Structures are given as C-alpha cells and as structure tokens.
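# Summary of the model geometry
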Amino acid sequence: MSNTDPAPAEVVCGAAPFAGVLRPRDVPLGGPRAIHVRRTLPQRDRSLIGAWCFADHYGPHDVSRGGGMDVPPHPHTGLQTVSWLFSGEVEHRDSAGVHAMVRPGELNLMTAGAGICHSEVSTPATTVLHGVQLWVALPEADRDTGRDFAHHVPSPRTTAGVTLRVFLGEVEGARSPVATFTPLLGAQLDLQPGASVALEVDSGFEHGVLLDQGDVEAAGGRLDVAELAFQPAGRHDLGIVNRGDGPARMILLGGPPFGEELLMWWNFVGRSHADIAAYRDAWEAGSDRFGTVSGYRGRVSRLPAPPMPNGTLRPRRNPR
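Conventions we followed
- Residues numbered from 1 in each chain as written.
- Predicted model: local features only at pLDDT ≥ 70, side-chain atom pairs only at ≥ 80, totals over all residues.
- Heavy atoms only, no water.
- Pairing = 2+ DSSP bridges.
- Helix = DSSP H or I, 4+ residues; strand = E, 2+ residues; numbered from the N terminus.
- Axes fitted to C-alpha atoms, helices over the stretch in contact; angles between N-to-C directions.
- Contact = heavy atoms within 4.5 Å.
- Buried < 20%, exposed > 50% of the residue type's maximum accessible area, 1.4 Å probe, protein only.
- Salt bridge = Lys/Arg side-chain N within 4 Å of Asp/Glu carboxyl O.

### Considering the sheet that holds strand β7 (residues 79-87)
- Here we have seven strands laid out as an open sheet, ordered β3-β4-β5-β12-β7-β10-β13, and antiparallel in their pairing. For this open sheet the edge positions go to β3 (25-29) and β13 (148-152), each flanked by a neighbour on one side alone. Pairwise comparison of adjacent strand axes, ignoring direction, gives a mean angle of 20 degrees for this sheet.
- One ladder, built from four bridges, connects strand β4 (residues 35-41) with strand β5 (residues 52-62); its direction is antiparallel.

### Focus on the environment of His236
- Note that His236 resides in the loop between β23 (228-231) and β24 (237-242).
- Counting along the chain gives 32 residues from His236 to Gly204, while the straight-line C-alpha distance between them is 8.6 Å.
- Every residue in contact with His236, bar those within four places of it in the chain, is listed here: Leu199, Glu200, Val201 and Ser203.

### Considerations on the pairing of strand β9 (residues 99-102)
- The alternating pattern of β9 places Ala100 and Val102 on a buried face, while none of His99 and Met101, on the opposite face, is buried.
- Two strands pair when backbone bridges link them, and strand β8 (residues 90-94) and β9 are joined in this way by four bridges, in the antiparallel orientation. Looking across to β9, one finds that Val90 is bridged to Val102.

### Some points on the pattern of salt bridges
- A full pass over the atoms with the stated rule returns 15 salt bridges.
- A salt bridge links Asp212 to Arg249; its shortest N-O distance comes to 2.8 Å. Here the residue Asp212 occupies a position in strand β20 (residues 206-213), and Arg249 occupies one in strand β25 (residues 248-255), the gap between them amounting to 37 residues. Taken as a pair, Asp212 and Arg249 share a single burial class, namely buried.
- One continuous salt-bridge network, built from bridges that share partners, spans Glu140, Arg143, Glu260, Arg271 and Asp275.

Here's what the structure looks like:
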C-alpha cells in the first residue's frame, strides 16, 4: 500500500525509550471517496518495533457500492511490504512480474530492495475490506537486494480458546518458513471471550500488539481498536487477556531493536536526504530502477511523487 499523503512528513526512525500504548491517527488513502486507515507506526513516541516501521489498520469498509481500494502503481525502496487481510480480496501486480491475490489468512510479502513498483486493487467480489498493511525496513547490508515476493498460508493452532497464526518468525513452537532479513515475529492471535495467554517470547525482541477487534489488555495496557501496545525487550513473556464478551483479534509484531539510522519519506526508506531525493527523481523520470506494472487498469497509470520538502531531511542518532 502506498503512503498517499500529499505532503508526507520526514520520519526519523529511531528506537525511542517508550513503553505503553500507541494511539493511531486517521489517514485518507485516495480522493473524495478515499478509504481511511488508522496508522500507529511510525509516530513521534515510537518509530519502530524491531524492523517493523509502518502499520496501517483499515476496515471493516463496505465497498459493495464502489469506492474500494484502488492504489495505482507506486514505488518502494529499502523495505518489504506485508499484506494481511481479515476479509475481502486484493489484486496485487508488481514490476517483478508477480500477479497475486491477497486473501484472508494468507501472507503476501513483497521485497522492494533497490526498487520496485506495484498496484493494489480490491476485487469486484469484495463487499467488505478489512485488514492491515505493514512495512519492514531492510538492514543496510540488504537494502539494495533484488525484487522478490513470497506467499504463505499459515496453519492455525488452537488451544484453550486461543488461536495462533504465525506468518513470520516463530512463537510458542509455531514457525513460518518464510525467510526474513532480520529476525521478526508476525502473527494473528484470536482469543475467545474470557481467554488469556502468556506467550513465551524472545527476550531480545521488542513486541507490539495491534488490536483489530475486542476488549483486550496486552503488555499491561488496555487497548481500543487500532491501538498498539508496546513492550520493550527484556521480557520472556507477553501477557494478553480478552476482557470482553465477544471474540478478540489482534496482530503480534516483534523483533530485536533495529540499530541503524533510517529516513522514511513517502514510500521510500533510505539513510540520507540524498537517498530520498535520488529515489524520487528516479521515479519521476520513469527509471528502470522501479520497472513497470503490467495489467493495471485504474484511473491513472502511476502515482506521482509529492514534492520534496524545502528543508534537508536529516537522520537522528538512535538513543542508547
């Protein structure tokens, strides 16, 4: 998914000393009939959870009368996109030649590396669109890797009112076979009313719990829908309780603190102002860095980049 903000702010990604609940902000994607998403990462209090650098939660949106997702071809660098749906279906096309469908409970992981472009369109059969879009920052050693795409359908594991679907990494003995460039955890967790769980987690990981539905307490914080509870590294367990009368559903994120300086602007992850400016110029010039998407039939052929800010984008040294 693209960050379609017409004037995107500079995001300096560093591991801020924050522990608590991150509250989302509302962001429109597209024109007058835009889908609104709730964005919890990045923000001032915390830019990253491990290498997870971006988290949008959207829906449930009734798109049966039009106005569904239609994101024209747009570029990415230095990251991976993780698409995860709860309902609906999205058609993915990218400049690596991949044409795939994003469906509920199925991981679609796209690696941008040095540069890729892709489009995302909800299918005509979709009546309700509901899911999350996540980005993973690539480490310096791999940020110019080649374009790639992975698909995986995790098997659910249910015990005592708790269902776990691990799409990246490993927790509680469930493991995804999908390779990542840094250690990561990504999973969907469903809890029946009154159910609780104390997950055994890697103490070297930071963790986040993004609530999709229900009344949940996680990592000691009470969550509303689209809020994200953050737990710093150093804990061997992550406690989650469903306090509500209905089922609860959430996304678990985790990874070791990301020790590199990053700059994130629009759809690009880089390390300097010069990186970002070069990426933007290449996209506007139609460079082979990003390639082209075949088969997209939307309202415009490609998404134009917003203008660069007047000032210089500067990374910030990570706190100790």
